[in-house]
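Here is how the chains run, residue by residue.
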Amino acid sequence: MQIREATKHDIDGIVAIYNDAVVNTTAIWNERPVEAADRLAWLEARHKLGYPVLVALDEHEAVLGYASFGDWRAFEGFRHTVEHSVYVRREARGRGIGRALMTALVDRARLAGKHVMVAAIEAGNAGSIRLHESLGFATTGEMREVGTKFGRWLDLVFMQLVLDHRGDPDGQPRL
């Protein structure tokens, strides 16, 4: 498996994974599949902001999964915090692809000087919660019935990983 920065040539694979999650899971709380133009605009916007979109590829360069992070909230006081997403093709799950993408993504966030990475996970997604816990993420809260999909209310679990040990936002170490 190879992990690299996504290009426009990966969009069809990204769209297939995204749309499968839309149609079949509660991992994405959208209800309508998207076209390639939507994901291409998303990819270009992430790159314009300097944020990564990583893909995991098999030996034939087919997209097995993708991951990215972006601003957690659009206020300057949150500039050191990012929220991420990671998705793996259905038939490729359970093979360590999500872990590999997450590890690479955390490394990228640290290199970008970010302080905290946030995960927002549907509360019933035990596999994702376990993966995040194994990578050092801590659960910080649960919001009940804040979303809906498939005719039912969804709960949202927040998790976070502190990426560095700065004492203050200007980079002074903690004593």
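Every value quoted in this text rests on a predicted model; they were computed, and no experiment measured them.

Peer 1: Please explain the sheet that holds strand β4 (residues 81-88) as it appears in this structure.
Peer 2: Strands belonging to one sheet form pairs held by backbone hydrogen bonds; the direction of such a pair is parallel or antiparallel. Sheet architecture is open: seven strands sit in the order β1-β2-β3-β4-β5-β7-β6, paired in mixed fashion. Strand pairing shows two members of the sheet lacking a second neighbour, β1 (2-5) and β6 (138-149), which therefore form its edges. With strand direction ignored, the average angle separating the axes of adjacent strands in the sheet is 25°. Here β1 runs beside strand β2 (residues 53-57); their pairing, made up of four bridges, is antiparallel. Among the inter-strand pairings, I3 is bridged to a residue of β2, identified as A56. Of the strands in this sheet, β1, β2 and β3 (63-71) touch helix α2 (residues 36-48), which is tilted by about 50° from β3. Each of β4, β5 (116-122), β6 and β7 (152-162) touches helix α4 (residues 126-134); the most contacted strand, β5, lies at about 160° to it.

Peer 1: Mind showing me how you'd approach the packing of aromatic side chains here?
Peer 2: For any pair of aromatic rings, geometry is given as the distance between the ring centres together with the angle between the planes. Enumeration according to the criterion identifies five aromatic pairs in this entry. Considering the side-chain rings of F75 and F78, the 6.4 Å spacing of their centres and the 55° angle between planes classify their relative orientation as tilted. For F75, a relative accessible area of 51% gives the class exposed. Taken together through their ring pairs, the aromatic side chains of W42, Y66 and Y87 make up a single cluster. Lying over the aromatic face of Y18, R39 brings its terminal NZ or CZ to 4.3 Å of the ring centre.

Peer 1: Honestly, the side chain of N19 in this entry has me stumped. Any pointers?
Peer 2: If you trace the backbone, N19 turns up in helix α1 (residues 11-24). Look at N19 and you get buried, because its relative accessible area is 16%.

Peer 1: It is not clear to me how the nonpolar core should be interpreted in this structure. Could you clarify?
Peer 2: Within soluble globular proteins, side chains that are nonpolar generally end up buried alongside one another. Judged by nonpolar contacts, the single largest core of 26 residues is most densely connected at F69, I97, L101, M102, M117, F137 and M159. Here the element with the most residues in this core is helix α3 (residues 97-111); it accounts for six residues. Core analysis: the next-biggest nonpolar cluster, separate from the first, contains 18 residues, V15, I17, V34 and W42 among them.

Definitions and limits used
The residue count restarts for each chain, going from 1 along the sequence in the order it is written. Reporting of local features is limited, given that this is a predicted model, to residues whose pLDDT is at least 70; pairs of side-chain atoms are given and counted only at 80 or more, and all residues count toward the totals for whole chains, interfaces and linings. As a rule here, side-chain values cover all heavy atoms of the structure and leave hydrogens and water aside. We treat two strands as partners when DSSP finds at least two bridges between them. In DSSP terms, a helix is any run of H or I states spanning at least four residues, a strand is any run of E spanning at least two, and both are numbered starting from the N terminus. Angles shown run from 0 to 180 degrees and are taken between the N-to-C directions of axes, each axis being a line fitted to C-alpha atoms and, for helices, limited to the stretch in contact. Note on contacts: a residue pair qualifies if any of its non-hydrogen atoms lie within 4.5 Å across the two residues. Whether two aromatic rings pair depends on their centres lying within 6.5 Å, for rings of Phe, Tyr and Trp, where Trp uses its six-membered ring; planes under 30 degrees apart make the pair stacked, over 60 edge-to-face, and the rest tilted. A simple rule labels every residue: compare its accessible area, found with a 1.4 Å probe on the protein chains alone, to the largest value its type can have, and call it buried under 20%, exposed over 50%, or partly exposed in between. Look at NZ for Lys and CZ for Arg. If either is within 6 Å of the ring centre and within 35 degrees of the ring normal, a charge sits over the ring. Side-chain atoms within 4.5 Å link the members of a nonpolar core, which is a set of buried Ala, Val, Leu, Ile, Met, Phe, Trp, Tyr and Cys residues.

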